[in-house]
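A closer look at the structure
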Amino acid sequence: KVGMFDQNFFSDYDNNFSKRLIFVKMVYLFQSLTGISLGYNFVWHANGPYSKAVNGIGYIFKEHGQEYSDEISSRDIKFVDPSINQKTEKYSLKIRSFLDKPEIMEIAASLEYIKQENQIENEVLINQLIEIKPKFSDKRSLIIEAIQMLDNIKNNLSS
């Protein structure tokens, strides 16, 4: 669902760490929250879940994104299963407002990754995140905002 990004998003992808972080986290959260696998595997990295393949896709979109975007738009390309299209649209609408907030995207993806691995509740999850990533120890309000974002997206996807 690259259409949620305008082509300018990818224009400085190679020189903009925040944009690379946002794009990788957005794809991770899409797969995790919707349950729709796009075939990308993620591993734990310094900034949370990471996929070299997804990052590589960002570079491809930097070079050819407008061509892909135009082709998808002109052909009205969609998933065969209408429920996947619905989930994709719901996810896109909710995540869009966080695409300029790399720190919240990193926190949200990290929380989701930890939760998927351990199935723990929020307070324990917050403590575990801070233990793994001490740089967030003084950013509790951002962690709460990320939890609310995740809950909001999950609730929207299930309705």
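Residues numbered from 1 in each chain as written. Predicted model: local features only at pLDDT ≥ 70, side-chain atom pairs only at ≥ 80, totals over all residues. Heavy atoms only, no water.

**Examining the packing of aromatic side chains**
For the coordinates displayed, the defined rule picks out eleven aromatic pairs. Ring geometry for F9 and F10: centres 5.0 Å apart, planes at 80°, overall edge-to-face. Like F10, F9 is buried. Consider the rings of Y13 and Y59, whose centres lie 5.0 Å apart with planes at 90°: the pair is edge-to-face. Placement of the pair is Y13 in the loop between α1 (7–11) and α2 (17–34) and Y59 in helix α3 (residues 52–75), with a sequence separation of 46 residues. Y59 gets classed as partly exposed once you look at its relative accessible area, which sits at 32%. Connected via pairs of aromatic rings, a cluster forms that spans F9, F10, Y13, F23, Y59 and F61. One residue, K19, lies across the ring of F9, its end atom 5.5 Å from the ring centre. (Phe/Tyr/Trp six-rings, centres within 6.5 Å; stacked < 30°, edge-to-face > 60°. Buried < 20%, exposed > 50% of the residue type's maximum accessible area, 1.4 Å probe, protein only. Helix = DSSP H or I, 4+ residues; strand = E, 2+ residues; numbered from the N terminus. Lys NZ or Arg CZ within 6 Å of the ring centre and 35° of its normal.)

**Structural notes on the side chain of N55**
In this structure, N55 sits in helix α3. Those residues in contact with N55 that lie beyond four places of it in its chain are Y13, R20, V24 and Y50. (Contact = heavy atoms within 4.5 Å.)

**Thoughts on the packing of helix α5 (residues 102–118) against helix α6 (residues 122–132)**
Viewed as axis vectors pointing N to C, α5 and α6 meet at an angle of 115°, and their least axial separation amounts to 10 Å. With respect to each other, α5 and α6 are oriented roughly perpendicular. In this structure, the crossing between α5 and α6 has a hand that is right-handed. Side by side, α5 and α6 meet where I107, S110, L111, I114, K115 and N118 of the first sit next to N122, L125, Q128, L129 and I132 of the second. (Axes fitted to C-alpha atoms, helices over the stretch in contact; angles between N-to-C directions. Parallel < 35°, antiparallel > 145°, perpendicular 65-115°, else oblique. Left-handed = near helix turned anticlockwise from the far one by under 90°.)

**What to know about empty space enclosed by the protein**
Summary: where empty space remains is shown by rolling a probe the size of a single water molecule over the atoms. Counted according to the given criterion, the structure contains one cavity of 30 Å³ or more. Lining the largest cavity we find L111, E112, K115, N122, L125, I147, L150, D151 and K154. Sorting the residues of the lining of the largest cavity by element identifies α5, α6 and α7 (140–158) as the ones contributing at least two each. In terms of residues, the lining of the largest cavity owes the most to one element, α7, which gives four residues. Of the residues belonging to the lining of the largest cavity, the class tally is four nonpolar, one polar and four charged. (1 Å grid on protein atoms, 1.4 Å probe; cavity = no way out; pocket = protein on both sides within 12 Å on 5 of 7 lines; lining within 4 Å. Points joined across faces, edges and corners; volume = space filled by probe spheres on them. Nonpolar A, V, L, I, M, F, W, Y, C, P; charged D, E, K, R; others polar.)

These figures come from the coordinates and say nothing about function on their own.
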